[in-house]
Amino acid sequence: MASLVTDDNNNTTTTTTTTTRRRTTTATETSEQMTDNELSHFEDLPGILQICIGTATKPGLIAYFDDDILAMINMFAKTCKKFLEYDPLRCYYFRVVLTKKYGVNFDDSRVNLDGKNIRDEDLQNISEALKANNTLTTLNLNNNNITDVQSIGELLKTNNTLETLRLYNNNITDVQSIGDGLKTNNTLKELSLHNNNITDDSGIQSIIDGLKTNNTLKTLWLQNNPLSHNMKYTQL
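None of the values given here were measured: they were computed from a predicted structure. (Residues numbered from 1 in each chain as written. Predicted model: local features only at pLDDT ≥ 70, side-chain atom pairs only at ≥ 80, totals over all residues. Heavy atoms only, no water.)

**Looking at the sheet that holds strand β6 (residues 190-192)**
Working step 1: One open sheet holds the five strands; their spatial order is β3-β4-β5-β6-β7, and the pairing between them is parallel. Whereas interior strands pair on both sides, the edge strands pair on one side only; in this sheet they are β3 (110-112) and β7 (219-221). Sheet twist, expressed as the mean angle between neighbouring strand axes with direction ignored, is 0 degrees.
Working step 2: As paired elements, strand β5 (residues 164-166) and β6 share three bridges and run parallel to each other. Note on β6: the bridge partner recorded for R166 is S192. (Pairing = 2+ DSSP bridges. Helix = DSSP H or I, 4+ residues; strand = E, 2+ residues; numbered from the N terminus. Axes fitted to C-alpha atoms, helices over the stretch in contact; angles between N-to-C directions.)

Printed below as a string of structure tokens:
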């Protein structure tokens, strides 16, 4: 904002006052008060993606929010309700955030998350990050705190490169979703589910049913689970 200043000698000079902080605060407050109709013009999702990640010659906003990328995401999310529904941006967001959190490159063919204290919510985010990885062959999730593998089942349905999936020594109880994923997956060769807390007969039955149509899985580890007598000695 420009203003005129007159000194004691009646000389007039122009000074500039920065109001960035005030404008930012006002813009944030205004966006929170907007209605859905007023927000519609913010839904240029491909454009938002380019702003965030930049180009080969011009860095995007991510480069300037190195330690607080979540703040940048939230800033856009407030003005665009479909922000994280846009697959390329959502996947990129999760890859950047999770790489910082776990020190793992989610674009590698082998992703090792052994003993990273991963919980169910973390696993959902990891599955989102891996959606864009079309070279993934090994995913190691051994020795974590996972109980719900629904997102892994969904990953098995869409991924066409994963060969080894390790879920040893978690606290998984229900594997229905993994069995459902095996029905259509045609790349997985090794699945480790030993040392969990799998008691669900219908989930194990789902895996058995999945194997009737799955021709690629060669090794399945299920030992050290409290399976029912029927599943231990009759079915498997």
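**As for the packing of helix α6 (residues 120-130) against helix α7 (residues 150-158)**
Working step 1: Close contact between α6 and α7 brings their axes to 8 Å; oriented N to C, the two are set at 15 degrees. It follows that α6 is roughly parallel to α7 by the angle criterion. For the crossing formed where α6 meets α7, the hand is left-handed. Together, L123, Q124, S127 and L130 of α6 and S151, I152 and L155 of α7 make up the contact between the two elements. (Parallel < 35°, antiparallel > 145°, perpendicular 65-115°, else oblique. Left-handed = near helix turned anticlockwise from the far one by under 90°. Contact = heavy atoms within 4.5 Å.)

**Here we look at the pattern of salt bridges**
Working step 1: One pass over the full model with this rule turns up six salt bridges.
Working step 2: Ionic pairing is found between K183 and D180, a salt bridge with its closest N-O pair at 3.6 Å.
Working step 3: One salt bridge connects K212 with D209, and the closest N-O pair in it is separated by 3.4 Å. Here D209 and K212 lie together in helix α9 (residues 201-213), a separation of three residues that amounts to about one turn. (Salt bridge = Lys/Arg side-chain N within 4 Å of Asp/Glu carboxyl O.)

**What about α7?**
Working step 1: Buried within α7 we find S151, I152, G153, L155 and L156.
Working step 2: Among the structural elements, α6, β4 (138-140), β5 and α8 (176-182) are those in contact with the buried residues of α7. (Buried < 20%, exposed > 50% of the residue type's maximum accessible area, 1.4 Å probe, protein only.)

**Here's the deal with the layout of surface pockets**
Working step 1: When its volume is computed, the second largest pocket comes out at roughly 170 Å³.
Working step 2: Every residue lining the second largest pocket is listed: F94, Q124, N125, S127, E128, K131, S151, E154, L155 and T158.
Working step 3: Taken together, the elements giving at least two residues each to the lining of the second largest pocket come down to α6 and α7.
Working step 4: Class assignment for the residues of the lining of the second largest pocket results in two nonpolar, five polar and three charged. (1 Å grid on protein atoms, 1.4 Å probe; cavity = no way out; pocket = protein on both sides within 12 Å on 5 of 7 lines; lining within 4 Å. Points joined across faces, edges and corners; volume = space filled by probe spheres on them. Nonpolar A, V, L, I, M, F, W, Y, C, P; charged D, E, K, R; others polar.)

**As for the nonpolar core**
Working step 1: Residues F106, L113, L139 and L193 are the most contacted members of the largest nonpolar core, which totals 38 residues.
Working step 2: Elements represented by at least two residues in this core include exactly α5 (87-102), α6, α7, α8 and α9.
Working step 3: When neighbours within four sequence positions are excluded, L193 is seen to be in contact with L167, I172, V175, I178, I198, I207, L220, W221, L222 and N225. (Core = buried A, V, L, I, M, F, W, Y, C linked by side-chain atoms within 4.5 Å.)

**Re the environment of Y168**
Working step 1: Among the secondary structure elements, Y168 is positioned in the loop between β5 and α8.
Working step 2: For Y168, a relative accessible area of 26% puts it in the partly exposed group.
Working step 3: With near-sequence residues (within four places) excluded, Y168 lies in contact with L141, N142, N143, S192, H194, N195 and N196.

**Focus: the side chain of T161**
Working step 1: Mapped onto the fold, T161 is located in the loop between α7 and β5.
Working step 2: When neighbours within four sequence positions are excluded, T161 is seen to be in contact with N133, N134, T135, L136, T137 and T187.

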